[in-house]
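# Per-entry structural report
One-letter residues, chain by chain:
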Amino acid sequence: MENTFEKIRQTFENKKPFIYIFQHFEKTDLNDPETLKNLMMAAYSYYFLEDLNSMNEIFAISSQLEFDGDYNKWTWVEGIIVLKLFIDNFKNEELKQKILDTLDYGNDESINKIKNKAFQRRLLGQLLNKNKVEEAENKNDENLIVASIIPYLKELFFIRSFKELVKSENDNLESEISENILKVKKFLKNY
């Protein structure tokens, strides 16, 4: 695991347009939300660089983690899972179930109902934050744009992974995903 963290540092700490993402990548504690966020950002960054082997190394680390009720940590693990679902063309039912199992975690039925309602709202795109991407684009800072696109893509992948569970479908979902991936890949051609 330490080798993976060192590899991430060496790959990205001075690589544009990823500098902004990895400027504070010191922690290696898998119980720390910041570490898990950095792992997720690295997985997406490796995807953009078309280094699926390195992305899969990160997935192998994160797939060993189980949901413990802490969404501050899980949101980043889930981000890696939905990236893997995207790579697998959204067909890996085992990974989808790993996410769905978090909705029934614990014995409190009222809390689980709230989690299910939040899940449904999320599927309708209520956590999509296109404004951050647009703000970064207005600043014309490629590092900031890439750092904003990754969380946006994570939510798009999440919605796409479970879109069959919601009544209203986002018709632009596939094109929105493609557009944002192409945007990052365009920046990479400059370096």
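These lines cover the structure that appears in this document, whether it is placed above or below. Along each chain, the written sequence defines residue order, and numbers are assigned to residues from 1. Selection of residues for local features in this predicted model requires a pLDDT of at least 70, selection of side-chain atom pairs for listing and counting requires 80 or more, and totals for whole chains, interfaces and linings are taken over all residues. The basis for the side-chain values is all heavy atoms of the structure; hydrogens and waters are excluded.

With that settled, the discussion passes to the overall build of the chain. Only DSSP runs of H or I reaching four residues or more are called helices, and only runs of E reaching two or more are called strands; each is numbered from the N terminus. Within the chain, the secondary structure is distributed over nine helices and zero strands. Atoms considered for the radius of gyration are the C-alpha atoms alone. The globule rule reads 2.2 Å times the number of residues to the power 0.38. Expected size for 191 residues packed as a compact globule is a radius of gyration near 16 Å; at 16 Å, the chain falls within 12% of this value. Principal-axis analysis of the C-alpha atoms places the extent of the chain at approximately 50 × 40 × 30 Å. Summary of the burial criterion: residues with accessible area below 20% of their type's maximum are buried, those above 50% are exposed, and those between are partly exposed, where the area comes from a 1.4 Å probe applied to protein chains only. Every one of the 191 residues in the chain was classed for burial, and the buried ones make up 47%. The contacts in the chain between residues at least 6 apart in sequence include a share of 65% that link residues at least 24 apart. Looking at the chain as shown, the accessible area adds up to about 10400 Å², and 45% of this sits on carbon and sulfur atoms. This count recognises Lys and Arg as positive and Asp and Glu as negative, with His and chain-terminal groups excluded. Charged side chains are reduced to one point each, which is NZ for Lys, CZ for Arg, CG for Asp and CD for Glu. Across the chain, the 27 positively charged side chains and the 33 negatively charged ones have centroids separated by 3 Å. For this analysis, residues touch if any pair of their heavy atoms sits within 4.5 Å. Accessible areas in this description were obtained via Shrake-Rupley with a 1.4 Å probe; residue shielding takes into account the shown protein chains only.

What counts as a ring pair is set by centres within 6.5 Å for rings of Phe, Tyr and Trp (its six-membered ring), and what kind of pair is set by the plane angle: stacked under 30 degrees, edge-to-face over 60, tilted for all other angles. One pass over the structure, following the stated rule, counts 17 aromatic pairs. Aromatic side chains Phe67 and Tyr71 sit 4.8 Å apart centroid to centroid with 55 degrees between the ring planes, which places their arrangement in the tilted category. A residue is classified by how much of its surface remains accessible, and Tyr71, at 37% relative accessible area, is partly exposed. Summarising the aromatic geometry, the rings of Phe119 and Phe158 are spaced 5.3 Å apart at their centres and angled 80 degrees between planes, so their arrangement reads as edge-to-face. In this pair, Phe119 is assigned in helix H6 (residues 109-123) and Phe158 in helix H8 (residues 142-161), connecting sequence segments 39 residues apart. Members of the aromatic cluster, joined through ring pairs, are Phe5, Phe12, Phe18, Phe22, Phe25 and Tyr46. When the ring centre of Tyr46 is taken as origin, the NZ or CZ atom of Lys7, which lies over that ring, is 6.0 Å away. Between the NZ or CZ atom of Arg122 and the centre of the ring of Phe158, over which it lies, the distance is 3.6 Å. Both a distance and an angle decide whether a charge sits over a ring: NZ of Lys or CZ of Arg must be within 6 Å of the ring centre and within 35 degrees of the ring normal.

Time to look at the pattern of salt bridges. A pairing counts as a salt bridge when a side-chain nitrogen of Lys or Arg comes within 4 Å of a carboxyl oxygen of Asp or Glu. Enumeration over the complete set of coordinates arrives at 15 salt bridges. Glu109 is the salt-bridge partner of Lys113, the closest N and O atoms lying 3.9 Å from each other. Residue Lys113 and its partner Glu109 are located together in helix H6, separated by four residues, close to a single helical turn. Accessibility expressed as a relative area gives 56% for Glu109, which makes it exposed. Through salt bridges with shared partners, one network takes in Glu78, Arg122, Lys154 and Glu155.

Without other data, these values stay purely geometric and don't point to any function.
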